[in-house]
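Letter by letter, the chains look like this.
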Amino acid sequence: MTTIPAGDRGDVHVRQAVQADLLAVLRIERASFDQPWPFSAFERYLGEPGFLVATDGGPDGYVTEDQSSESVLGYVVANLVPNHGQPFGHVKDIAVHPDYRGEGVGRKLLERALRVLEIHGAQSVKLEVRASNERALSLYRDFGFEYLRTVPRYYDDDEDALILVVDLDAE
Ligand SMILES: CC(C)(COP(=O)(O)OP(=O)(O)OC[C@H]1O[C@@H](n2cnc3c(N)ncnc32)[C@H](O)[C@@H]1OP(=O)(O)O)[C@@H](O)C(=O)NCCC(=O)NCCS
């Protein structure tokens, strides 16, 4: 299992997601999105180095024998997309439990995900975000993401998606 060294923030720990995290992840997903991913979508990304959870306990970066005492505060799903020998990263999903937003958990997850993607060879990372999602847009801008283009009516409710991209070399 891939493990990533610790970040520096208080009692929030980030590690790769495991099967036992999935119900908590699904609960956060359902609390966060009108069209949530199904359980099977998360299951598919288990083992992906960019599927990370933030928890309130346990040694940072490492999966312990027993995670039953930890609470999942949020998660990010990111992967590498092959691209003519020059893979790019894709942040596919990120959410923090509503009770823990605004405390730096999302920032920590995104920071770690970008680092994982870079370690695995991504030179740039892209994502889609609802045009109205100011909180997420603000987070992404802080990490250097820039507007690339708009996909009209990308979401089921016809809202446009903004495609954002960051060049990791420029970070
Ligand atoms: C977007 C989300 C993941 C951010 O996670 P978070 O833990 O709340 O964010 P953080 O506390 O780490 O804040 C990071 C940055 O996000 C932005 N942000 C956070 N809360 C904000 C708010 N209430 N209003 C505007 N921007 C905000 C700021 O840029 C902030 O940086 P700052 O603290 O230096 O100002 C979280 O709000 C969430 O789960 N939203 C619902 C799901 C979602 O929309 N996911 C994104 C899909 S593209």
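See the structure above.
Reading the values: the criteria
- Residues numbered from 1 in each chain as written.
- Predicted model: local features only at pLDDT ≥ 70, side-chain atom pairs only at ≥ 80, totals over all residues.
- Near = placed C-beta within 6 Å.
- Helix = DSSP H or I, 4+ residues; strand = E, 2+ residues; numbered from the N terminus.
- Nonpolar A, V, L, I, M, F, W, Y, C, P; charged D, E, K, R; others polar.
- Buried ≥ 20, exposed ≤ 12 C-beta atoms within 10 Å, placed from the backbone.
- Pairing = 2+ DSSP bridges.
- Axes fitted to C-alpha atoms, helices over the stretch in contact; angles between N-to-C directions.
- Contact = placed C-beta atoms within 7 Å.

1. Quick word on the site of the ligand
- Residues in contact with the ligand amount to 19 residues; listed here are only the nearest, R101, G106, R107, S138 and L139.
- Elements that contribute at least two residues to the shell around the ligand include exactly β4 (88-96), α3 (105-119) and α4 (134-142).
- Per-element tally for the shell around the ligand: the top contributor is α4, with six residues.
- Among the residues making up the shell around the ligand, the classes are represented as seven nonpolar, six polar and six charged.

2. Some points on the pairing of strand β7 (residues 161-167)
- Burial along β7 is one-sided: the face carrying L162, L164 and V166 is buried and the face carrying A161, I163, V165 and D167 is not.
- Bridge count between strand β5 (residues 124-130) and β7: seven bridges; the pairing is antiparallel. Residue pairing across strands places E128 opposite I163, the latter belonging to β7.
- Pairing analysis gives five bridges linking strand β6 (residues 146-151) to β7, with the strands arranged antiparallel. Directly across from Y147, in β7, lies its bridge partner L164.

3. Brief notes about the sheet that holds strand β1 (residues 13-16)
- Reading across the sheet, the seven strands line up as β1-β2-β3-β4-β5-β7-β6 and stay open at both edges, with mixed pairing between neighbours. Edge strands, defined here as strands with exactly one partner in the open sheet, are β1 and β6. Each neighbouring strand pair of the sheet contributes to a mean axis angle of 25 degrees, computed without reference to strand direction.
- One ladder, built from three bridges, connects β4 with β5; its direction is parallel. Within β5, the position partnered with H90 by the bridge is K126.
- Across the sheet, helix α1 (residues 22-32) touches β2 (51-55), β3 (72-81) and β4, and the angle it forms with β3 is around 90 degrees.

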